[in-house]
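# Examination of the molecular architecture
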Amino acid sequence: MKNPRKIFLLQHPWRSTSLGVLVATVALLGGCAVGPKYHPPVVQAPPAYKEMGDWKPAQPNDQNLGGEWWKIFQDPQLDALEDQVNVSNQNLKAAEAQFTQARATLRYYRADYYPTVTVGASAARTRESAHRPPPSSIFDGITYNDFLLPFDFSYQADVWGRVRKNVESYREQAQASAADLATVNLSMHADLALDYLQARSLDAEEQLLNSTVKQYEQALQLNETLFQGGVGSDVEVEQAKTQLQTTRAQAIDVGVLRAQYEHAVAILIGKPPAEFSLPPLPLTTPPPHVPVSVPSELLERRPDIAAAERRVASANAQIGVAKAAYYPVISLGATGGFESSAISTLINGPSGLWSIGLSAVGTIFDGGRRHAVTDQVRAGYDYQVAAYRQDVLTGFQQVEDNLAAVRILENEANIQDQAVVAAQNSLNLSVTRYKGGVTSYLEVITAQSAALSDEVTAVNILGRRMANTVLLIQALGGGWDRSSLPQRPECCGKLISSNTN
């Protein structure tokens, strides 16, 4: 009786030790991870923007644009409209939903870090055949119950870092989605500012044309009076009438574009155009000065560039996932529970059952499938690197384009203001000469056309300056900063949008 007990005492420690060694080995191997370490792609940034000209670069102590960058225009009506974008813009809500979807996807793959535990219950009543093989079995013709309450445990050890790399990839995709949301946010606010300021520019043009119409009405009245007094001619009356009606038509035509911009503003704040009205407010003040930092900081300020860089990091992590497929899959499984022929004895010690095991499965031959997947993800990484570098170049171009536009249009506005003054002086002289009988009314009409054309051009230049200022702010990232990206989007923290920095 002693020998069997000795054998049992010898075997039990061995089994426990072997299982402990296997589990410890899996845990140690879990620290391994295959695949390349991520390094952000290198891009060459120029030391300064070419189109800065005499523009003084922003210093670290200069006031940043901030999240609510539109307040730099000091327009309460614009501020109120921009606030409504955050609440009601449908494109922004769609981007928020996509970010929420990316976070949920990340949490789904992050669940692979943990084991899966299932529980089930079954009950069956079975009658065995009296003639089932083997002959004379003790179960022949027996009817019995089987009550089963099993618990299953399964866990795939992340030995080669497949799960970690996959989670890393989806975390970076979620961060890219957060940057996409910031990009949409910036775009919607910029579009609203553009549409609003263009509407105000048209208000200024319409105001100018209506004012000119009043002047031409007086000129027509003067010509009709002279004609009735026998001094003027009917030709001059018709010339004055033509000038008046042409200008009236121009003033009416402005309403087409103005209505379209008003409708665009309504859509951006999430309202049907029928429920929104934008009060006229002629544009008069010049655009504000925009602080411009060095080009290297653009990589941290542009949300679209940040999104492209996060996709590069995600593609790099997928290379590790592909490489992990070359190594065995190590899984740990366990089953336990209770089984009995009577429900009354189901939850009893003698009814207990359990098993535990460890498996390692590796692929020996797959016809080059894993190699093809590795080539595919490497090509995907190269694509994302090229796309990132192209986005950086495009960002530099957009800043240069709008810097040039803002600088050149400012010079053009100064010259155009001088042209407006000269045209007005010429018109005044022509009117004086006409009233004195020195010249015909044709000279007055020519001077009127030149003066009106110059004034309309000046108004349009101001509108273009305001638009390019908005586009410059957008090209610079609108006050956004890379630190706004959530570091762990799967579990904690709320996304900081560009308007709440």
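Residues numbered from 1 in each chain as written. Predicted model: local features only at pLDDT ≥ 70, side-chain atom pairs only at ≥ 80, totals over all residues. Heavy atoms only, no water.

### Examining the overall build of the protein chain
Heads up, the rule is: Numbering of helices and strands runs from the N terminus; a helix is a DSSP stretch of H or I covering at least four residues, while a strand is a stretch of E covering at least two. Buried means the residue's accessible area, taken with a 1.4 Å probe over protein chains only, is under 20% of the maximum for its type, while exposed means over 50%, and partly exposed covers the values in between. Whether two residues touch is decided by their heavy atoms; if any such pair falls within 4.5 Å, the residues are in contact.
A tally of helices and strands in the protein chain yields nine helices and five strands. Considering the protein chain as a whole, with its 501 residues, one finds that 38% of them fall into the buried category. Taking as baseline every contact in the protein chain between residues at least 6 positions apart, the subset at least 24 positions apart corresponds to 83%.

### Some thoughts on the packing of helix 2 (residues 76-88) against helix 4 (residues 162-228)
Put simply, the rule is: Note on method: axes are straight lines fitted to C-alpha atoms, helices fitted across the in-contact stretch only, with angles between N-to-C directions ranging 0 to 180 degrees. Left-handed describes a crossing whose near helix is turned anticlockwise from the far helix through less than a right angle; right-handed describes the clockwise counterpart. By the convention adopted, Pro, Cys, Tyr, Trp, Phe, Met, Ile, Leu, Val and Ala count as nonpolar, Lys, Arg, Asp and Glu as charged, and the other residues, Gly among them, as polar.
Between helix 2 and helix 4, whose axes approach to 10 Å, the crossing angle comes to 145 degrees. Seen along the crossing, helix 2 lies across helix 4 with a hand that is right-handed. In contact with Gln77, Leu78, Leu81, Glu82, Val85 and Asn86 of helix 2, helix 4 contributes Asn185, Met188, His189, Leu192, Ala193 and Tyr196. When the residues that make up the contact of helix 2 with helix 4 are grouped by side-chain class, the tally is seven nonpolar, four polar and one charged.

### Quick word on the nonpolar core
So the rule is basically this: Nine residue types can take part in a nonpolar core, namely buried Ala, Val, Leu, Ile, Met, Phe, Trp, Tyr and Cys, and a core is a set of them joined through side-chain atoms within 4.5 Å.
Among the nonpolar cores identified, the biggest contains 54 residues, and Tyr49 and Trp69 are the most heavily contacted of them. Taken together, the elements giving at least two residues each to this core come down to helix 2, helix 4, helix 5 (234-268), helix 6 (298-301), helix 7 (303-324), helix 8 (369-435) and helix 9 (441-475). Apart from residues no more than four positions distant in its own chain, tyrosine 49 is found in contact with Val292, Ser293, Val294, Pro295, Leu298, Phe396, Val399, Glu400, Leu403 and Leu476. One finds Leu208, Ala240, Leu244 and Val444 within the second-largest nonpolar core, a separate group that totals 24 residues.

### Looking at the packing of aromatic side chains
The line we're drawing: Ring pairs are drawn from Phe, Tyr and Trp, using the six-membered ring of Trp, whenever the two centres fall within 6.5 Å, and their geometry is named by plane angle: stacked under 30 degrees, edge-to-face over 60, tilted for the rest.
Tallied over the full model, the rule gives five aromatic pairs. Of the aromatic side chains, those joined through ring pairs into one cluster are Tyr108, Tyr109 and Tyr170.

### Some words on the pattern of salt bridges
Threshold: A carboxyl oxygen of Asp or Glu within 4 Å of a side-chain nitrogen of Lys or Arg is what we treat as a salt bridge.
Applying the stated criterion to the full structure yields 20 salt bridges. Notably, a salt bridge pairs lysine 165 with glutamate 168, separated by 3.9 Å at the nearest N-O pair. Taken together, the residues lysine 165 and glutamate 168, both in helix 4 and three residues apart, mark about one turn of the helix. The salt bridge partner of arginine 302 is aspartate 304, with a shortest N-O separation of 2.8 Å. Taking relative accessible area as the criterion, arginine 302 reaches 5% and is therefore assigned buried.

### Brief notes about the confidence of the model for the protein chain
Applied cut-off: Every residue gets a pLDDT, meaning the predictor's confidence in that residue, from 0 to 100.
On average, residues of the protein chain score 88 in pLDDT, and 89% of them reach the 70 mark or higher. Segment residues 1-19: pLDDT under 50, and two contacts once partners within four positions in sequence are set aside and those in other chains are kept.

### As for a nonpolar patch on the surface
The line we're drawing: The patch calculation keeps residues exceeding 30% relative accessible area without a salt bridge and links them within 9 Å when they carry like charges or within 5 Å when they are nonpolar (Val, Leu, Ile, Met, Phe, Trp, Tyr). Only the protein chains shown count as cover for residues, and all accessible areas are computed by the Shrake-Rupley method using a 1.4 Å probe.
Side chains of Ile138, Phe139, Ile142 and Tyr144 sit close together on the surface and give an oily, nonpolar patch of about 390 Å² of accessible area. As for its position among the elements, tyrosine 144 is in strand 3 (residues 143-156). The partly exposed category is assigned to tyrosine 144, whose relative accessible area is 30%.

### With respect to helix 4
Put simply, the rule is: A helix's residues, less one, multiplied by 1.5 Å, set its expected span.
The end-to-end C-alpha separation of helix 4 is 97 Å, in line with the 99 Å expected for 67 residues at 1.5 Å each. Directly after helix 4, the chain includes glycine 230, whose backbone phi takes a positive value near 85 degrees.

### Observations regarding the side chain of serine 169
Under the convention used in this document: Think of a polar contact as two N or O atoms within 3.5 Å of one another; within protein, one of them needs to be a possible hydrogen donor and the other a possible acceptor, and neighboring residues in sequence only count if both atoms come from side chains.
Mapped onto the elements of the fold, serine 169 is located in helix 4. Here the side chain of serine 169 touches serine 314 through a polar contact of 2.7 Å, side chain to side chain.

### Notes on the pairing of strand 3
Under the convention used in this document: At least two DSSP bridges between two strands are needed for those strands to be called paired.
Sheet topology note: the strand 1 (residues 116-119)/strand 3 ladder contains four bridges and is antiparallel. In the sheet register, threonine 118 faces strand 3, and the bridge partner there is aspartate 152. Where strand 2 (residues 122-127) and strand 3 come together, six bridges link them in antiparallel fashion. Note on strand 3: the bridge partner recorded for arginine 127 is threonine 143. Here strand 3 pairs with strand 4 (residues 329-340) via ten bridges, running antiparallel. Following the sheet pairing, proline 150 is matched in strand 4 by glycine 337.

### Description of the packing of helix 4 against helix 7
For any two helices packed against each other, one specifies the crossing angle of their axes together with the interaxial distance. Let me state the cut-off plainly: By the definition adopted for this analysis, an angle is roughly parallel if under 35 degrees, roughly antiparallel if over 145, roughly perpendicular if from 65 to 115, and oblique otherwise.
Where helix 4 contacts helix 7, the two axes come as close as 8 Å, and the packing angle between them is 165 degrees. One element, helix 4, and the other, helix 7, form an angle in the roughly antiparallel class. As for how helix 4 packs across helix 7, the hand of that crossing is left-handed. A breakdown of the residues in the contact of helix 4 with helix 7 according to their chemical character gives twelve nonpolar, eight polar and eight charged.

### Examining the environment of glycine 357
Structurally, glycine 357 is set in strand 5 (residues 352-361). Separated by 203 residues in sequence, glycine 357 and serine 154 have C-alpha atoms that sit 9.7 Å apart. What glycine 357 contacts, discounting residues up to four positions off in sequence, is Ser331, Leu332 and Gly333.

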